[in-house]
Amino acid sequence: MFDAIVVGARCAGSPTAMLLARAGHRVLLVERGERGTDTLSTHVIHQPGVAALARWGLLDRVRATGCPPLDRVLYRVADIRLEGSGDGVDGQRAGYAPRRRLLDPVLSDAAAEAGVEVRHRCSVTELLREDSGRVCGVRLRQGGREFTERAHLVIGADGMRSTVAELSGARETQRTPRLTCAYYAYWEGVPSLLELYERPGGWVASVPTNDGATLVLAYLPQSRYNEVRTDADAAYTEQIRATAPTLHERLRDGRRVEQLRGTGHQENFFRQASGPGWALVGDAGHHKDSITARGITDAFLQAESLAGHIAGLLDERPRLDEALDAWARHRDEAMAEGYQAALSAARLETHPKRLSLLRAVASEPELTSTYFDVFAGVKPPTALYTPRLLARL
């Protein structure tokens, strides 16, 4: 009998399992994939996520993978150029963008070191329930055999298409139609800051990652998905040329490595966060367009919040249920602003009023720093609206 079974050993599941084990709980962590596999990702860990890694004692391990610090950002839209860095949080001013084949094992290994039982290539096929309907465990398939494990709580951290969410009957509490399709590739010989380029109908980002490679992403309107997917390479190249011409020129001197990857299925939703004997964390419970690259950071913060709410209560049902309800409310409140920010960016619209705001920001160095803190989720958008800026507007 486990205190908790966590399904999914990536950016939400492994930290959740690790933190619960560090609090003294017996935890099973299962992952259907193999250790150290890649997955679709923007890779970026913003400063709040970096601060979480530091709190957990894992930041040096992530740095040791060789991913460079993202300590300066370039943002270009229309005639506006912002370059600089934010103030950060808890002394962490740089972001990082490790390859997922390197980051995810750091997290699952840390869970194992905390005492978590970790099983890869292990899939959930069913949720076990008591006569009352309360979830009390899982049926698993591994290596051709099926077996059951029981726990006080089953936590789904298995991504946007969560099996736990489906089997638990978690309802959607909010949904917004898809807004973008996104394609990306890795490039060698293209030195880069964290660079962001925007125009009506387009968004492009370049992100330095491991092994001297640069991840270059192009976002296009969801309305073009059926057209784009017929020749994704051409659409990807043209979007970079039209949105980020200077970056496009630099790519001529580089070399694309690995295949082009992409998706037109960037769902935007909140699901019910918990129920009797189960909870959802990370993309399993809340997913948004990746254009603001908040997914990994949000997963870390959700994991820390969930573990903080329920640690020490897993064998006390009434108190556990109260804690899960409190966690659900906190998740919805904490993620609401980032959700709206992602939707706003993903509409790929450039409004005159927003350009006026950005021009005012560009004229004030301290506001440029604040803007990058807002982008990273360190500060709320209202932090930009100083009396001096309002006077200029």
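To be clear, the structure that these remarks concern was listed above.
The text that follows walks through the structure, step by step, so that each part is easy to find.

Topic: the overall build of the protein
Stage number 1. The secondary structure content of the protein amounts to 13 helices and 18 strands.
Stage number 2. Its C-alpha atoms give the protein a radius of gyration of 21 Å, within 12% of the compact-globule value 21 Å for 393 residues.
Stage number 3. Dimensions along the principal axes, computed over C-alpha positions, put the protein at roughly 65 × 50 × 40 Å.
Stage number 4. When burial is assessed residue by residue, the protein has 57% of its 393 residues classed as buried.
Stage number 5. Excluding contacts between residues fewer than 6 apart, the proportion of contacts in the protein whose partners are at least 24 apart in sequence is 73%.
Stage number 6. When the accessible surface of the protein is summed, it comes to about 16300 Å², and 47% of that surface belongs to carbon and sulfur atoms.
Stage number 7. With 50 positive and 50 negative side-chain charges, the protein shows a spacing of 2 Å between the two charge centroids.

Things to note about the pairing of strand E2 (residues 27-31)
Across a regular strand the side chains alternate sides, sitting on one face of the sheet and then on the other.
Stage number 1. Where burial is concerned, most of E2 is hidden: 5 out of the 5 residues are buried.
Stage number 2. Note: strand E1 (residues 2-7) against E2, 4 bridges, orientation parallel. Within E2, the residue paired with Val7 across the bridge is Val30.
Stage number 3. Assessed by its sense of winding, the connection that carries the chain from E1 through helix H1 (residues 13-22) to E2 is right-handed.

Considering the state of the cysteines
Stage number 1. For the structure shown, the criterion picks out 0 disulfides.
Stage number 2. No disulfide involves Cys11; its sulfur sits 12 Å from that of Cys67, the nearest cysteine.

Quick word on the nonpolar core
Stage number 1. One finds Leu53, Trp56, Ile155, Phe300, Ile310 and Leu324 to be the most contacted residues of the largest nonpolar core, which totals 48 residues.
Stage number 2. No other element matches helix H9 (residues 295-310), which puts 6 residues into this core.
Stage number 3. In terms of nonpolar packing, the next biggest core, distinct from the first, is built from 42 residues, Leu82, Ala182, Ala293 and Tyr371 among them.

A few points about the side chain of Arg294
Stage number 1. Among the structural elements, Arg294 can be located in the loop between strand E18 (286-287) and H9.
Stage number 2. One buried charged residue, Arg294, forms no salt bridge at all, with the nearest opposite charge on Asp298 at 5.2 Å.
Stage number 3. From its side chain, Arg294 meets the backbone oxygen of Val374 in a polar contact 3.2 Å long.
Stage number 4. In this view, Arg294 contacts His46, Lys288, Gly338, Val374, Phe375, Ala376 and Gly377; residues no more than four positions away in its chain are not counted.

Quick notes on unusual backbone geometry
As a rule of thumb, non-glycine residues mostly have phi less than zero, and peptide bonds are mostly trans rather than cis.
Stage number 1. Phi angles above zero are rare outside glycine, and His43 is one such case at about 75°.
Stage number 2. Positionally, His43 belongs in the loop between E2 and helix H2 (47-56).
Stage number 3. Classification of His43 by relative accessible area gives buried; the value is 0%.

Points about the side chain of Glu195
Stage number 1. Along the chain, Glu195 falls in strand E11 (residues 194-199).
Stage number 2. Owing to a relative accessible area of 4%, Glu195 belongs among the buried residues under this scheme.
Stage number 3. In this structure the side chain of Glu195 is engaged in a polar contact, spanning 2.5 Å, whose partner is the side chain of Tyr197.
Stage number 4. If we ignore the near neighbours within four places in the chain, the residues touching Glu195 are Leu74, Val204, Ala205, Ser206, Leu247 and Arg250.

Notes on the sheet that holds strand E3 (residues 73-77)
Stage number 1. Judged by pairing direction, the sheet is mixed, and its 7 strands sit side by side in the order E4-E3-E11-E12-E13-E10-E14 without closing on themselves. Edge positions in the sheet fall to strand E4 (80-84) and strand E14 (255-263), since each has one partner strand and no second. Between one strand and the next, the sheet's axes are offset by a mean angle of 10°, whatever the strand orientation.
Stage number 2. Contacts between helix H7 (residues 232-243) and the sheet are confined to strand E10 (180-188), E11, strand E12 (202-208), strand E13 (214-221) and E14, with E13 contributing the most and set at about 95° to the helix.

Each value, and the rule that gives it
- Residues numbered from 1 in each chain as written.
- Predicted model: local features only at pLDDT ≥ 70, side-chain atom pairs only at ≥ 80, totals over all residues.
- Heavy atoms only, no water.
- Helix = DSSP H or I, 4+ residues; strand = E, 2+ residues; numbered from the N terminus.
- Rg over C-alpha atoms; globule rule 2.2 N^0.38 Å.
- Buried < 20%, exposed > 50% of the residue type's maximum accessible area, 1.4 Å probe, protein only.
- Contact = heavy atoms within 4.5 Å.
- Areas by Shrake-Rupley, 256 points an atom, 1.4 Å probe, with all protein chains shown as cover.
- Lys, Arg positive; Asp, Glu negative; His and termini not counted.
- Charge placed at Lys NZ, Arg CZ, Asp CG, Glu CD.
- Pairing = 2+ DSSP bridges.
- Right-handed = clockwise from strand over helix to strand, strands pointing away.
- Disulfide = S-S within 2.5 Å.
- Core = buried A, V, L, I, M, F, W, Y, C linked by side-chain atoms within 4.5 Å.
- Salt bridge = Lys/Arg side-chain N within 4 Å of Asp/Glu carboxyl O.
- Polar contact = N/O pair within 3.5 Å; in protein donor to acceptor, adjacent residues only side chain to side chain.
- Axes fitted to C-alpha atoms, helices over the stretch in contact; angles between N-to-C directions.

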